[in-house]
Amino acid sequence: MAKQTSGRSSTHKHKKQFGQNFLNNGRIIDQIVAAIRPQKNDHMVEIGPGEAALTRPLIDRVKTLDIIEIDNDLIAPLKIQFASKPAFNLHHTDALKFDYATLLSNSKNESEATQSLRIVGNLPYNISSPLMFHLLTYAECIQDMHFMLQKEVVDRITAQPGIKAYGRLSVMLQYACQTESLFTVGPENFTPPPKVDSAIVRLIPHASKPFVAENEKAFKDIVRQSFSQKRKTLRNNLKGWLSVEQIEQCGIDPSIRAETIPVEGFVKLANLHFQCNQPSP
Ligand code: SAM
């Protein structure tokens, strides 16, 4: 099938350090927008608008579109295109350091201040994991997230226990969100083309978590430690953190590897570790 171009030609010099692979296929852009399903009252945030391939079809469909872009060279063209649009708010800054809660607290009207954010973006692949971990710290402010990522990363996020791709990223994101892989996008749909396939993932923060860690830091630590050496058993990776008896007390066989343990298991391990390390009264 002939490719529909996104209708823009550009002289922008793509910057590798900012992960600039711009979408160039109108059909794929439409497919992404359809998956996002923008609504006229939405408060949306787009991370990394680039040359506005997604911004353009979103800006007139939502009430507010906050746009976060780091590259100085893209700021003036974005302002020229969108400054007159009522939804448009540009933040020339680093999305990794941005305080997303301020978008709600700085809202002009009260209904928007209580409304949660819808985050979207064709993310710069080099920062996608730290960015998602940063966004998870604002999970209570977020309705949902739709991201284009490397397909391999989407496979890891959505992997179930026992599958090779299941690891720390799967556990941490599935602990906080419902995760769904939507569709794959080939390299030819970007300029310049990346070396690998990409995919769209939908993340919906749990309104109430199915399994609750008593202490999130303890949970993070236990998950990191459990996967620290992928080929080692849980007993070995958790040496000094939990004894064999304590792992068994959580209903988990200490001789298995972390890659077969569901999120619930890590929550049990983390809660026991946390309780055992509380100072005695
Ligand atoms: N949305 C556009 C598209 O789909 O064609 C561009 C996507 S491109 C993969 C990633 C965009 O994120 C670029 O515009 C890049 O400059 C921007 N970017 C990279 N690192 C960033 C950061 N730390 N904070 C904000 N934007 C960033």
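Here, residues in each chain are numbered from 1, in the same order as that chain's written sequence. At least 70 in pLDDT is required for a residue's local features to be given in this predicted model, at least 80 for side-chain atom pairs to be given and counted, and no such filter applies to totals for whole chains, interfaces and linings, which use all residues. In computing side-chain properties, one takes all heavy atoms of the structure into account and sets aside hydrogens as well as water.

Visitor: Would you mind going over the nonpolar core with me for this structure?
Guide: Nonpolar side chains tend to gather and get buried jointly when the protein is soluble and globular. What makes a nonpolar core is a set of buried Ala, Val, Leu, Ile, Met, Phe, Trp, Tyr and Cys residues whose side-chain atoms join them at distances within 4.5 Å. Buried means the residue's accessible area, taken with a 1.4 Å probe over protein chains only, is under 20% of the maximum for its type, while exposed means over 50%, and partly exposed covers the values in between. Tyr-100, Ile-119, Leu-135, Met-145, Phe-147, Leu-149 and Ile-157 are the most contacted members of the largest nonpolar core, which has 31 residues in total. Numbered from the N terminus, helices here are DSSP runs of H or I no shorter than four residues, and strands are runs of E no shorter than two. Among the secondary structure elements, those contributing two or more residues to this core are strand S2 (43–47), helix H4 (102–105), strand S5 (117–122), helix H6 (128–136), strand S6 (142–150), helix H7 (151–158), helix H8 (168–176) and strand S9 (198–205). In this view, Leu-135 contacts Ile-47, Tyr-100, Ile-119, Ile-142, Met-145 and Phe-147; residues no more than four positions away in its chain are not counted. Counting residues in hydrophobic clusters, the runner-up holds 29 residues, among them Ala-35, Ile-36, Leu-58 and Ile-200. Should any heavy atoms of two residues lie within 4.5 Å, those residues are counted as being in contact.

Visitor: Just to check I follow, could you spell out the domain arrangement of the protein chain for this structure?
Guide: Quoted interface sizes are often the accessible area lost when the parts come together. Throughout, the edges of the domains are those of an automatic or database domain assignment. You can read the domains of the protein chain as domain 1 (16–205) and domain 2 (216–276). Measuring from the centre of the C-alpha atoms in domain 1 to the corresponding centre in domain 2 gives 32 Å. Each partner contributes to the interface: domain 1 provides 10 residues, whereas domain 2 provides 15 residues. Between domain 1 and domain 2 the total buried area reaches about 1,100 Å² when both faces are included, carbon and sulfur atoms providing 70% of it. Buried area is calculated as the accessible area (1.4 Å probe) missing from two parts once they are joined, with the contributions of both summed. Contact with domain 2 buries surface across domain 1, with Tyr-166, Arg-168 and Tyr-175 losing the most and accounting together for 49% of the total. Note on definitions: salt bridges are taken to be side-chain nitrogens of Lys or Arg within 4 Å of carboxyl oxygens of Asp or Glu. The tally of links from domain 1 across to domain 2 stands at 0 salt bridges. Here a polar contact means two N or O atoms within 3.5 Å. Within protein one must be a hydrogen donor candidate and the other an acceptor candidate, and residues neighboring in sequence count only if both atoms are side-chain atoms. Run the count over domain 1 and domain 2 and you get 5 residue pairs in polar contact (both at pLDDT 80 or more).

Visitor: Even after reading the chapter, I still don't get empty space enclosed by the protein, so can you show me in this structure?
Guide: Empty space among the atoms can be located by rolling a probe the size of a water molecule over them. Lining residues are those with an atom within 4 Å of a point, where the points come from a 1 Å grid over the protein atoms alone and group into cavities, where a 1.4 Å probe fits but cannot get out, or pockets, open sets with protein on both sides within 12 Å along at least five of seven lines. Grid points are joined across faces, edges and corners, and a volume is the space filled by probe spheres set on the points. If you walk through the whole model with that rule in mind, you get 1 cavity of 30 Å³ or more. Roughly 40 Å³ of internal volume is contained in the largest cavity. Forming the walls of the largest cavity are Ile-32, Ile-36, Leu-54, Val-120, Gly-121, Asn-122, His-146, Phe-147, Met-148 and Ile-200. The set of elements that each furnish at least two residues to the lining of the largest cavity consists of helix H1 (26–36), S5 and S6. Residues belonging to the lining of the largest cavity are distributed by class as follows: 7 nonpolar, 3 polar and no charged. Only Asp, Glu, Lys and Arg are considered charged, only Ala, Val, Leu, Ile, Met, Phe, Trp, Tyr, Cys and Pro nonpolar, and every remaining residue, Gly among them, polar.

Visitor: Explanation requested: the packing of H6 against H8 in the structure shown.
Guide: For any two helices packed against each other, one specifies the crossing angle of their axes together with the interaxial distance. One way to put it is that H6 packs onto H8 with a least axis distance of 11 Å and a crossing angle of 25 degrees. As the angle between them shows, H6 and H8 are arranged roughly parallel. The element H6 and its partner H8 pack so that their crossing is left-handed. On H8, the residues touching Ser-129, Met-132, Phe-133 and Leu-136 of H6 are Arg-168, Leu-169, Met-172, Leu-173 and Ala-176. Along the lines of polarity and charge, the residues of the contact of H6 with H8 split into 7 nonpolar, 1 polar and 1 charged. For helices, the axis comes from a line fit to the C-alpha atoms of the stretch in contact; other axes are also lines fit to C-alpha atoms, and the angle between any two N-to-C directions lies between 0 and 180 degrees. Oblique is the label for any angle not covered by the other classes, which are roughly parallel (under 35 degrees), roughly antiparallel (over 145) and roughly perpendicular (65 to 115). Put simply, a crossing is left-handed when the front helix is turned counterclockwise from the back one by less than a right angle, and right-handed when it is turned clockwise.

Visitor: Could you clarify how one ought to interpret the side chain of Asp-94 in this entry?
Guide: Within the secondary structure, Asp-94 sits in the loop between strand S4 (88–92) and H4. For the charge count, each Lys or Arg is scored as positive and each Asp or Glu as negative, with His and the chain ends excluded. Of the side chains with opposite charge, Lys-97 lies nearest to the buried Asp-94, which makes no salt bridge, at 4.1 Å. A polar side-chain atom of Asp-94 sits 2.9 Å from the main-chain amide nitrogen of Leu-96. Look past the residues within four positions of Asp-94 in its chain and what remains in contact with it is Ile-68 and Ile-70.

Visitor: Honestly, the pairing of strand S3 (residues 64–69) in this entry has me stumped. Any pointers?
Guide: For S3, a buried count of 6 out of 6 residues is recorded, marking the element as mostly surrounded by other parts of the structure. Across the two faces of S3 the burial is the same, with Thr-64, Asp-66 and Ile-68 and Leu-65, Ile-67 and Glu-69 all buried. As paired strands, S2 and S3 are joined by 5 bridges and run parallel to one another. Residue pairing across strands places Met-44 opposite Leu-65, the latter belonging to S3. The rule for pairing is simple: two strands pair if DSSP sees at least two bridges between them. Pairing between S3 and S4: 5 bridges, direction parallel. Residue pairing for S4: Leu-65 is matched across the bridge by Phe-88. By the criterion used throughout, a crossover qualifies as right-handed when its path from the first strand across the helix to the second strand runs clockwise, the strands pointing away from the viewer. Read from S3 through helix H3 (residues 72–82) to S4, the crossover connection turns out right-handed.

Visitor: Teacher, can you tell me more about the site of the ligand here?
Guide: Of all residues adjacent to the ligand, which total 23 residues, the nearest are Leu-23, Gly-48, Glu-69, Asp-94 and Asn-122. Asp-94 places a side-chain nitrogen or oxygen 2.8 Å from a nitrogen atom of the ligand. Between the ligand and the protein, one listed contact pairs an oxygen atom with a side-chain N or O atom of Asn-122 at 2.8 Å. For accessible areas, the Shrake-Rupley method is used with a probe of radius 1.4 Å. Any residue's cover is judged against the shown protein chains and nothing else. For the ligand, the protein covers 98% of the area, taking 600 Å² as the surface of the free molecule. The residue makeup of the shell around the ligand, split by class, is 12 nonpolar, 7 polar and 4 charged. Each residue is tested against the molecule or strand, and it is near if at least one of its non-hydrogen atoms lies within 4 Å.

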